[in-house]
Amino acid sequence: MARLILLGPPGAGKGTQAERLRAEFDLVHLATGDLLRAAVAEGTDLGREAKRYMDAGELVPDAVVVGMIRERLSGGGSGRFLLDGFPRSVPQADALDRTLSDLGMPLDAVISIAVSREELVRRLAGRWICRRCGRSFHEVFNPYPGTPCPSGDGTETCDLYQRDDDRPETVSHRLSVYEEQTAPLIDYYRSRGLLREVDGERTTDEVHDQIVTHIPAPPGS
Ligand code: AP5
C-alpha cells in the first residue's frame with residue numbers, strides 16, 4: 001500500500017509534487033489547504049470561519065481540519081493516499097494516528113521536503129495558480145507554458161491568480177507558524193521510524209526522483 005504524508009513549509013513544493021505523484025501512483029491526494037479554499041469559494045459557514053485564519057497566515061483550528069480529513073479517510077476507497085498540508089501540529093498528528101489505527105491503515109512514510117527560508121520567500125512571491133485545474137506555476141522557476149488547461153475543453157488556457165496569503169507580510173508569518181507548530185513533526189515522525197528526508201532545493205524533477213524512491217509501487221505493477 002502507499003499511505004504517505006508530504007511534510008514541508010509553505011512553498012516547499014508539496015502541491016507541485018503531489019499533483020504528479022497522484023497520477024503516477026494512483027493516490028488519493030488530500031490537501032487541507034485546497035479543501036479549505038474550496039469551502040471559502042463556496043461561502044459555507046466553515047469556509048467563512050476558515051478564511052479569517054487563512055488570510056492572517058494562522059492555522060485553522062485543529063477540530064475543523066481533523067474532522068475534514070477523518071471524514072475523507074473513513075469514506076472507503078483504495079486506501080492509497082497522499083496527505084499534503086496535514087497534519088500541521090502535534091495534536092493533528094495524534095488525531096491522525098488514532099484515525100488510521102481505528103481504520104487499520106498504518107502510514108508507510110512521511111516525506112519531509114527541506115527548503116531554506118530565503119528560497120521559500122522567492123517561490124511564494126512568484127507563484128501563480130490556475131483557478132480551474134489547481135496547478136501551481138512560478139514566473140521564473142516553472143513558467144506557465146501557455147498550453148490548454150487540462151480541466152477545460154482543450155481550447156482554454158489556464159486562469160492564473162496569486163493567493164491572498166502569498167503577500168510578503170503574510171508569508172513571513174506563515175513561515176514562523178510553520179517553525180513553531182509544524183516543524184516539531186519532523187522529530188515526531190523520525191522517532192517513529194517513518195521520516196524520509198529529501199532536498200527540496202533541487203529542480204522539480206530531481207525532487208520528484210528523490211521522493212519516488214520512498215513510495216511503494218502500485219499493486220500489479
Ligand atoms: P496550504 O494550502 O496547505 O499552504 P502551505 O502549506 O502554506 O503550502 P503552499 O501551498 O503555500 O506551498 P506548497 O508546498 O504546496 O508549494 P507549491 O508546490 O505551491 O495552506 C494554506 C492555509 O490553509 C494555511 O496557512 C492555514 O491557514 C490553512 N491550513 C491548511 N492546512 C491546515 C491544517 N492542516 N491545519 C490548520 N490550518 C490549515 O510551490 C510553491 C512555488 O514554488 C510554486 O510557484 C512552484 O511552481 C514553485 N516550485 C515548486 N517546486 C519547485 C522547485 N523544486 N524549484 C523551484 N520552484 C519550485
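You'll find the structure just up there.
All of the points below concern the structure found in this document. What you see is a predicted model, and the numbers here were worked out from it, not measured in a lab.

About the thresholds
- Here the residue numbering is sequential within each chain, running from 1 through the sequence in written order.
- Per-residue local features of the predicted model are confined to residues with pLDDT of at least 70, and side-chain atom pairs are confined, for both listing and counting, to 80 or more; whole-chain, interface and lining totals are unaffected and use all residues.
- Processing note: side-chain calculations cover all non-hydrogen atoms of the structure and skip hydrogens and water entirely.
- Summary of the distance rule: residues count as near a molecule or strand when at least one heavy atom falls within 4 Å of that molecule or strand.
- Any N or O atom pair separated by 3.5 Å or less is treated as a polar contact, with the protein-specific requirement of one donor-capable and one acceptor-capable atom, and with residues adjacent in sequence counted only for side-chain atom pairs.
- Only the protein chains shown count as cover for residues, with accessible areas throughout obtained via the Shrake-Rupley method and a probe of 1.4 Å.
- Numbered from the N terminus, helices here are DSSP runs of H or I no shorter than four residues, and strands are runs of E no shorter than two.
- Polar here means any residue outside two lists: the nonpolar Ala, Val, Leu, Ile, Met, Phe, Trp, Tyr, Cys and Pro, and the charged Asp, Glu, Lys and Arg; Gly therefore counts as polar.
- Partly exposed residues are those whose accessible area sits between 20% and 50% of the maximum for their type, while under 20% is buried and over 50% is exposed, using a 1.4 Å probe and protein chains only.
- Here is the rule: rings of Phe, Tyr and Trp (six-membered ring for Trp) pair when centre to centre is within 6.5 Å. Planes less than 30 degrees apart are stacked, more than 60 are edge-to-face, and the remainder are tilted.
- Only when the NZ atom of a Lys or the CZ atom of an Arg is both within 6 Å of the ring centre and within 35 degrees of the ring normal do we say a charge sits over the ring.
- DSSP calls a pair of strands paired once it identifies at least 2 bridges connecting them.

## Remarks on the site of the ligand
Neighbouring the ligand are 36 residues; T16, E58, R88, R127 and R174 lie closest to it. In the environment of the ligand, a nitrogen atom lies 3.4 Å from a nitrogen or oxygen atom belonging to the side chain of R123. For the ligand, an oxygen atom lies 3.0 Å from a polar atom in the side chain of R163. Considered on its own, the ligand offers 1000 Å² of accessible surface; in the complex 96% of this is hidden by protein. Within the residue set of the shell around the ligand, elements represented by two or more residues are helix 1 (14-25), helix 2 (32-42), helix 6 (117-125) and strand 6 (136-138). Ranked by residues supplied to the shell around the ligand, first place goes to helix 2 with 4 residues. Its residues assigned to classes, the shell around the ligand comprises 12 nonpolar, 14 polar and 10 charged.

## Thoughts on the environment of G146
For G146, the position within the fold is in the loop between strand 6 and strand 7 (160-161). Given the relative accessible area of 40%, G146 is considered partly exposed. Separated by 13 residues in sequence, G146 and C133 place their C-alpha atoms 14 Å apart.

## Quick look at the packing of aromatic side chains
The geometry of an aromatic ring pair comes down to the distance between the two centres and the angle between the two planes. Scanning the model with the defined rule gives 2 aromatic pairs in all. Where Y188 meets Y189, the ring centres are 4.9 Å apart and the plane angle is 75°; that geometry is what we call edge-to-face. In this structure, R192 packs its charged tip against the face of Y188, placed 3.7 Å from the ring centre.

## Brief notes about the sheet that holds strand 5 (residues 127-130)
Taken in spatial order, the 3 strands make up an open sheet running 6-5-7, and their pairing is antiparallel. On the outer flanks of this sheet lie strand 6 and strand 7, each paired with one strand and no other. Taken together, the 2 bridges between strand 5 and strand 7 define a ladder with antiparallel strand orientation. Note that in strand 7 the partner of C130 across the bridge is L160.

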